[in-house]
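Here are the chains, one letter per residue:
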Amino acid sequence: TFPSCKDKNWEIAAMRTKAMWAKKDEIQGYVVGNMGGFEKICALMGHVNAMMAMYDDEEAFAEFIEAYADYRIEQFEYIKKYLDVDFMMMHDDWGNQNNMFFSPEIWREFIKPLEKRYADKIHELGMIYVHHSCGYITQILPDLVEIGVDSLNPLEIKAGMDPVYLKKTFGDKLAFHGGINAQIMDQPDLVRAEMERLIPLLKEGGGYIFASDHSIPNSVSFENMKMISELAHRLGRY
């Protein structure tokens with residue numbers, strides 16, 4: 001049982017949120033808290049138990065993530081009404097550094113129908129759907145295109161997500177967000193060479209948003225971040 005979103009004071013929440021937006025006339029998105037069904041059940045049961053639940057009690061697993069999807073989709077309505085955002089990002093990590101946590105067939109059985117519901121509702125409300133998944137998930141990208149995901153984040157290079165291949169194969173169907181190796185951002189020469197190699201390829205024909213492929217390490221200095229920002233601005237401008 002999930003709480004109803006209608007009991008939240010959305011007017012106050014929207015007022016406080018908008019007060020933090022520095023650029024009122026640029027695209028605004030909503031990210032924080034939009035955890036997907038798999039991550040949510042991992043948070044409640046632990047990662048191993050959550051994955052085993054797909055096999056041990058399929059009906060209960062499916063019932064939980066379906067009810068959770070109902071809860072999230074109700075939130076979309078209020079977020080659009082009170083915040084009028086342009087895109088919605090769902091976070092649900094499906095991959096590790098070598099493969100998916102579960103087979104594509106399992107993903108298609110349990111997760112894909114919910115992703116279709118998210119995509120349909122987000123589009124119905126006039127928003128763009130961005131999905132975030134860490135790890136290697138190349139094998140289900142055709143499915144994401146099929147169900148209407150508009151953009152994918154973060155293209156984790158160290159997990160084998162090849163941004164150049166993804167752009168050539170799916171670039172006319174998906175916008176990509178990320179793809180710059182966070183692990184080399186504290187090494188100016190390496191990250192500069194990587195950006196000079198990738199950004200011109202990824203921005204070709206449009207549909208690329210510059211970002212790192214994971215959380216930026218604390219070891220990255222302000223000077224490095226300034227250089228990265230200036231280089232991205234120069235290389236990535238359309």
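In the block above lies the structure referred to throughout.
Worth saying up front: this structure is predicted, and the values here are computed from it rather than measured.

What about the overall build of the protein chain?
Consideration 1: On a plain count of helices and strands, the protein chain comes out with 10 helices and 6 strands.
Consideration 2: Whereas a compact globule of 238 residues would reach a radius of gyration of roughly 18 Å, the protein chain reaches 19 Å, a difference of no more than 12%.
Consideration 3: For the protein chain, with 238 residues in total, the buried portion stands at 46%.
Consideration 4: Excluding contacts between residues fewer than 6 apart, the proportion of contacts in the protein chain whose partners are at least 24 apart in sequence is 75%.
Consideration 5: As displayed, the protein chain offers around 12400 Å² of accessible surface, 53% of which is attributable to carbon and sulfur atoms.
Consideration 6: Of the side-chain charges in the protein chain, 25 are positive and 37 negative, and the distance between the mean point of each set is 8 Å.

Remarks on the packing of helix H2 (residues 37-45) against helix H3 (residues 47-56)
Consideration 1: Close contact between H2 and H3 brings their axes to 7 Å; oriented N to C, the two are set at 120 degrees. Considering their axes alone, H2 and H3 lie oblique with respect to each other. In this structure, H2 meets H3 at a crossing whose hand is right-handed. Where H2 approaches H3, its residues Phe-38, Ile-41, Cys-42 and Met-45 are matched on the opposing element by His-47, Asn-49, Ala-50, Met-51, Ala-53 and Met-54.
Consideration 2: Split into classes, the residues belonging to the contact of H2 with H3 amount to 8 nonpolar, 2 polar and no charged.

Some words on the packing of aromatic side chains
Consideration 1: Applying the stated criterion across every chain yields a total of 12 aromatic pairs.
Consideration 2: Here the aromatic rings of Tyr-68 and Tyr-71 are separated by 6.2 Å at their centres, their planes lie at 45 degrees, and the arrangement is tilted. In this pair, Tyr-68 and Tyr-71 are both assigned in helix H4 (residues 58-83), 3 residues apart and thus about one turn of the helix distant.
Consideration 3: Residue classification places Tyr-71 among the buried residues on the basis of a relative accessible area of 19%.
Consideration 4: When the ring centre of Trp-10 is taken as origin, the NZ or CZ atom of Lys-8, which lies over that ring, is 5.9 Å away.

Digging into unusual backbone geometry
Consideration 1: Of the consecutive residues Asn-153 and Pro-154, the connecting peptide bond is found in the cis state with omega at 10 degrees.
Consideration 2: Secondary-structure assignment places Pro-154 in the loop between strand S4 (151-153) and helix H8 (163-170).
Consideration 3: In this structure, Asp-84 is a non-glycine residue whose phi angle is positive, near 50 degrees.
Consideration 4: Turning to its location among the elements, Asp-84 is positioned in the loop between H4 and strand S2 (87-91).
Consideration 5: Exposure remark for Asp-84: the relative accessible area of 48% places this residue in the partly exposed category.
Consideration 6: Within the chain, Leu-155 stands out as a residue other than glycine whose phi angle is a positive 60 degrees.
Consideration 7: Residue placement: Leu-155 occurs in the loop between S4 and H8.

A short note on the side chain of Asp-143
Consideration 1: Within the secondary structure, Asp-143 sits in helix H7 (residues 141-147).
Consideration 2: Classification of Asp-143 by relative accessible area gives buried; the value is 7%.
Consideration 3: Looking at Asp-143, its side chain comes within polar contact range of the side chain of Arg-108, at 3.0 Å.
Consideration 4: Beyond its immediate stretch of four places on either side in the chain, Asp-143 contacts Trp-107, Arg-108 and Lys-112.

Overview of the pairing of strand S3 (residues 128-132)
Successive residues of a regular strand alternate their side chains across the two faces of the sheet.
Consideration 1: When you tally the buried positions in S3, you get 4 out of 5 residues, the bulk of the element.
Consideration 2: Pairing between S2 and S3: 5 bridges, direction parallel. Note on S3: the bridge partner recorded for Phe-87 is Ile-128.
Consideration 3: Relative to S4, S3 is paired through 3 bridges, and the arrangement is parallel. When the sheet's bridge partners are listed, His-131 is paired in S4 with Leu-152.

What counts, and where the lines are drawn
- Residues numbered from 1 in each chain as written.
- Predicted model: local features only at pLDDT ≥ 70, side-chain atom pairs only at ≥ 80, totals over all residues.
- Heavy atoms only, no water.
- Helix = DSSP H or I, 4+ residues; strand = E, 2+ residues; numbered from the N terminus.
- Rg over C-alpha atoms; globule rule 2.2 N^0.38 Å.
- Buried < 20%, exposed > 50% of the residue type's maximum accessible area, 1.4 Å probe, protein only.
- Contact = heavy atoms within 4.5 Å.
- Areas by Shrake-Rupley, 256 points an atom, 1.4 Å probe, with all protein chains shown as cover.
- Lys, Arg positive; Asp, Glu negative; His and termini not counted.
- Charge placed at Lys NZ, Arg CZ, Asp CG, Glu CD.
- Axes fitted to C-alpha atoms, helices over the stretch in contact; angles between N-to-C directions.
- Parallel < 35°, antiparallel > 145°, perpendicular 65-115°, else oblique.
- Left-handed = near helix turned anticlockwise from the far one by under 90°.
- Nonpolar A, V, L, I, M, F, W, Y, C, P; charged D, E, K, R; others polar.
- Phe/Tyr/Trp six-rings, centres within 6.5 Å; stacked < 30°, edge-to-face > 60°.
- Lys NZ or Arg CZ within 6 Å of the ring centre and 35° of its normal.
- Polar contact = N/O pair within 3.5 Å; in protein donor to acceptor, adjacent residues only side chain to side chain.
- Pairing = 2+ DSSP bridges.

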